[in-house]
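Structural description and commentary
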Amino acid sequence: MKSGRGPLRTADERRLSRRVTQPSVGLGVLLFAGLVAAQQRPPVSEEQEKAQQQELQAALADAGSSQLDFARAIERHLEKYPLSAQRAELERAAARAAVEARDPDLIVRFGERVLAREPQNIELLERVSRYLLNSSEAPESKRALDYASRLENLADGMGGPAEGSRSAARFAEEKAILVGKSRVYQARGQGNLGKFAEAEAMARKSYAAFPSAESAREIARWMERQEKTGEAVAYLADAFMIPDPNATPEDRRKDRTRLAEWTKKAGRDDAWLGRELLAAYDRTAAQVDEYRERIQKLDPNAAANAVKEFTLTGIGGDRLAMASLAGKVVVLDFWATWCGPCRAQQPLYEQVQARFKTRDDVVFLNVNTDENRAIVKPFLDREKWNKNVYFEDGLAGFLRVSSIPTTVILNRKGDVASRMNGYVPDRFVEVLGDRVEQLLGEK
């Protein structure tokens, strides 16, 4: 949350903005790694099995980098060979590809197959619940209700982050969003089945868990179906005022049209609607501020809107306010224990630091991005690295560090002046040193 009126972001977006990820492995590689596992095989000859595998590999190769084509190739293969010994692995790979391709029909088809074997797969429970509700038909709504109820139970059962892993604030936010989503889906399923009062009550529970535009819109929807149109306008106004990063311009136009229609249906005029919208703004602003304060108690960096507003936690528990480095050139070295290039780069960093060891206006910060913080100190002891390490505490996501090693250089004002993604061993010392020298010369 970057300001009192900042959006209540989705869990996926928070992960993308906060986590530093390792280089991805091709889906085909992951698939064929799984296919070698010993499984009970159907009665086919070795030649037939080999032919099937070659046919599958050719089809996946033809799919290229398209996740949608990848999933469809698997689907065609399984239609032709329904007794494939690798069916479970293939369906799991197709479900992953369907999620990446954002194809609702394929997500539901393969997601339900995987959930039959993996009933606690949180990601697929969320996606399948959502996309089943694209239909308002009773069979799909009943299945969505079941999946969404399972999702809520799993989310409620999430006790807390493991020691040394994610921050309490990040965990609390992701849990609240997940509970809120599960209840929205249950409300929609109940409403589709004609249980309007139950749908309204469940939507209110969703809003209490996480006050999103989606949950406010869901409350309004089922209140209106119960002929409580005047009250429904207030909640639709809330949905209109809460920043919603997932809403399209068309969604916004629909909300605006519905507000006008419901106002007229309630026997009110535009002046009344204007007052409702202003009241909604005040309500939702207060809710966002309250949420922001609650999260900030868990994570001081939750509302940071500039590098200088961050405070980093040292490996020994000490705290470093980035604002205290004002007036200095700061070199941020983002690294992780699993990163081989980071290890190779470490001696080169030490050479650059040695070049500026007499300067008190240059600071080198070693910023660790490991998800599990507990492994960092043993790693430093084992490798005998003399590093004063700080944890990234959300700074990597703020600076959009998507791969490591990454070097970010701040000028004396605390602004990003340069960055180096990865490194070229032959020129790393020279290039980084020259960039620091240049910034030192600027006033």
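Reading the values: the criteria
Residues numbered from 1 in each chain as written. Predicted model: local features only at pLDDT ≥ 70, side-chain atom pairs only at ≥ 80, totals over all residues. Heavy atoms only, no water. Buried < 20%, exposed > 50% of the residue type's maximum accessible area, 1.4 Å probe, protein only. Helix = DSSP H or I, 4+ residues; strand = E, 2+ residues; numbered from the N terminus. Pairing = 2+ DSSP bridges. Right-handed = clockwise from strand over helix to strand, strands pointing away. Axes fitted to C-alpha atoms, helices over the stretch in contact; angles between N-to-C directions. Contact = heavy atoms within 4.5 Å. pLDDT = per-residue confidence, 0-100. Expected span 1.5 Å × (residues − 1). Parallel < 35°, antiparallel > 145°, perpendicular 65-115°, else oblique. Left-handed = near helix turned anticlockwise from the far one by under 90°. Nonpolar A, V, L, I, M, F, W, Y, C, P; charged D, E, K, R; others polar.

Two faces belong to every sheet, and in a regular strand the side chains alternate between them. Where burial is concerned, most of strand β4 (residues 362–368) is hidden: seven out of the seven residues are buried. Because side chains alternate across β4, one face comprises the buried residues Val362, Phe364, Asn366 and Asn368, and the other comprises Val363, Leu365 and Val367, equally buried. Both strand β3 (residues 329–335) and β4 contribute to a ladder of seven bridges, which runs parallel. Considered in β4, the bridge of Val330 is made with Val363. Handedness of the β3-helix α15 (residues 340–355)-β4 crossover: right-handed. Strand direction decides the pairing type here: β4 and strand β5 (residues 389–391), joined by three bridges, are parallel.

Here we have five strands laid out as an open sheet, ordered β5-β4-β3-β6-β7, and mixed in their pairing. Here the strands that pair on one side only, and so sit at the sheet edges, are β5 and β7 (416–421). The sheet shows a mean angle of 25° between the axes of neighbouring strands, direction not considered. Running at roughly 165° to β3, α15 makes contact with β3, β4 and β6 (406–410) of the sheet.

Attention shifts here to the confidence of the model for the protein chain. Low pLDDT means the predicted coordinates in that region are not meant to be read closely. Confidence in the prediction for the protein chain averages 86 pLDDT; 88% of positions are at 70 or higher. In this model residues 1–40 is a low-confidence stretch, pLDDT under 50, and it forms 100 contacts with partners more than four residues away in sequence or in other chains.

We now examine unusual backbone geometry. The omega angle of the peptide bond from Ile404 to Pro405 is 0°, so this bond is cis rather than trans. By secondary structure assignment, the location of Pro405 is in the loop between α17 (395–398) and β6. The phi torsion at Lys384 lies on the positive side, around 55°, for a residue other than glycine. Of note, Arg400 is a non-glycine position whose phi angle comes to about 55°, a positive value. Tracing the backbone through its elements, the reader meets Arg400 in the loop between α17 and β6.

Further remarks concern helix α14 (residues 270–298). Compared with the 42 Å implied by 1.5 Å per residue over 29 residues, the 42 Å span of α14 between its first and last C-alpha is a close match. Among the structural elements, α9 (168–192), α10 (196–209), α12 (229–241) and α13 (249–265) are those in contact with the buried residues of α14.

Okay, the packing of α12 against α14 next. Two elements in contact, α12 and α14, have axes separated by 8 Å at closest approach and are oriented at 55°. Looking at the two axes, α12 sits oblique to α14. In the crossing of α12 with α14, the sense of the turn from one axis to the other is right-handed. On α14, the residues touching Gly230, Val233, Ala234, Ala237, Asp238, Phe240 and Met241 of α12 are Trp272, Leu273, Glu276, Leu277, Ala280, Tyr281, Arg283 and Thr284. Here the residues of the contact of α12 with α14 are counted per class, giving 10 nonpolar, two polar and three charged.

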